[in-house]
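Okay, here's what each chain looks like letter by letter:
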Amino acid sequence: LRMHRDGTEVYDLPQTMALHAGMDGELWVAAGSGIGRFRKGMLIPERMPNTIRLGRISSLALGADGALWICSVEQGVFRWRAGVLDHFSGQPLAEQPCGSIHAEPNGRIWIGFTRGGVATFMNGHFQPRTVSDGLAPGGVTAIYRDSLRRLWIATVNGVSRVDDDRFITLTDGNGLPRKIGSSI
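All figures in this text were calculated on a predicted structure; none of them were measured in a lab.

### Digging into the environment of Arg5
Here is step 1 of the chain: Mapped onto the secondary structure, Arg5 falls in the loop between strand E1 (2-4) and strand E2 (7-9).
Here is step 2 of the chain: Put simply, Arg5 and Ser58 are 53 residues apart on the chain and 29 Å apart in space, counted from C-alpha to C-alpha.

Structure follows, in structure tokens:
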């Protein structure tokens, strides 16, 4: 469904799991029929190995280098770059169930895990961040950069803002209503 001032358009994309608008405005889609670019009302799928379970994709992000990052609630994190699908085998952070992913213009990738915590990926390395670093507890539901360039991370139990690589967090312990189902 696409809504605009002249009306709405409906597209037949069964089992659409995730959408991502790149910096260039191009729309990426993960659907039951594949992962690819959406152009002129049609999904143009990339030729990826069938190792990804399409029905379990929760989020997509296009990195500054043009790589497509894929977040799976079953299989963890994938990166599709230059026709190669990386799964980061043997890196426990990248194999955790992933709920949300966000790419920064500087090349940093933020990955939110369904069991709680986040990791950043930069220069080939993952760095974990958890409640002990000040992040709100619980599974990550969304990662978002606002118009003032502040990064927000929503979890099932609170919301954290990243400020100079520190977390400033709201939970029910300091004023956030209980059981709000955080999403930003």
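### A word on the state of the cysteines
Here is step 1 of the chain: All told, the structure shown has one disulfide when counted by the stated rule.
Here is step 2 of the chain: Disulfide partner of Cys71: Cys98, at an S-S distance of 1.7 Å. Between Cys71 and Cys98, the S-S torsion sits near -110°, and that sign places the bridge as left-handed. With a gap of 27 residues between them, Cys71 in strand E8 (residues 68-72) and Cys98 in strand E11 (residues 98-103) connect regions that are remote in the sequence.
Here is step 3 of the chain: Note on Cys98: relative accessible area 0%, which makes it buried.

### Focus: the pairing of strand E9 (residues 76-81)
Here is step 1 of the chain: With five of six residues buried, E9 lies mostly within the body of the structure.
Here is step 2 of the chain: In the sheet, E8 pairs with E9 via five bridges, with the strands oriented antiparallel. Looking at E9, one finds that Ser72 is bridged to Gly76.
Here is step 3 of the chain: Turn length for the E8-E9 hairpin, with the two strands adjacent in sequence and antiparallel, is three residues.
Here is step 4 of the chain: Pairing analysis gives three bridges linking E9 to strand E10 (residues 84-86), with the strands arranged antiparallel. Within E10, the position partnered with Arg79 by the bridge is Asp86.

### Here we look at the packing of aromatic side chains
To describe a pair of aromatic rings, one takes the distance between the centres and the angle between the planes.
Here is step 1 of the chain: Per the stated rule, a full pass over the model turns up five aromatic pairs.
Here is step 2 of the chain: Centroid distance Trp69 to Phe88: 5.7 Å. Interplanar angle 10°. Geometry classified as stacked. With a gap of 19 residues between them, Trp69 in strand E8 and Phe88 in the loop between E10 and helix H1 (92-95) connect regions that are remote in the sequence.
Here is step 3 of the chain: The class of Phe88 is buried, set by a relative accessible area of 11%.
Here is step 4 of the chain: Grouped by ring-pair contacts, the aromatic residues Trp69, Phe88, Phe121 and Phe126 constitute a single cluster.

### Points about the sheet that holds strand E17 (residues 158-163)
Here is step 1 of the chain: Here four strands make up an open sheet; going across it, the order is E15-E16-E17-E18 and the pairing antiparallel. Among the strands making up the open sheet, the edge pair consists of strand E15 (140-145) and strand E18 (166-171). Averaged over all pairs of adjacent strands, the angle between strand axes in this sheet comes to 20°, irrespective of strand direction.

### As for the side chain of Ser72
Here is step 1 of the chain: Relative to the helices and strands, Ser72 is located in strand E8.
Here is step 2 of the chain: In terms of polar contacts, Ser72 uses its side chain to reach the backbone amide nitrogen of Glu74, at 3.1 Å.
Here is step 3 of the chain: Ser72 has contacts with Arg56, Ile57, Ser58, Phe78, Pro97 and Cys98, leaving out every residue within four places of it along the chain.

### Overview of the sheet that holds strand E3 (residues 18-21)
Here is step 1 of the chain: What the four strands build is an open sheet, ordered E3-E4-E5-E6; its pairing is antiparallel. The sheet is open, and its two edges are formed by E3 and strand E6 (42-45), each paired on a single side. In this sheet, adjacent strand axes meet at a mean angle of 30° when their direction is disregarded.
Here is step 2 of the chain: The pairing of E3 with strand E4 (residues 27-31) spans four bridges and is antiparallel. If you follow His20 over to E4, its bridge partner there is Trp28.

Cut-offs used in this document
- Residues numbered from 1 in each chain as written.
- Predicted model: local features only at pLDDT ≥ 70, side-chain atom pairs only at ≥ 80, totals over all residues.
- Heavy atoms only, no water.
- Helix = DSSP H or I, 4+ residues; strand = E, 2+ residues; numbered from the N terminus.
- Disulfide = S-S within 2.5 Å.
- Buried < 20%, exposed > 50% of the residue type's maximum accessible area, 1.4 Å probe, protein only.
- Pairing = 2+ DSSP bridges.
- Phe/Tyr/Trp six-rings, centres within 6.5 Å; stacked < 30°, edge-to-face > 60°.
- Axes fitted to C-alpha atoms, helices over the stretch in contact; angles between N-to-C directions.
- Polar contact = N/O pair within 3.5 Å; in protein donor to acceptor, adjacent residues only side chain to side chain.
- Contact = heavy atoms within 4.5 Å.

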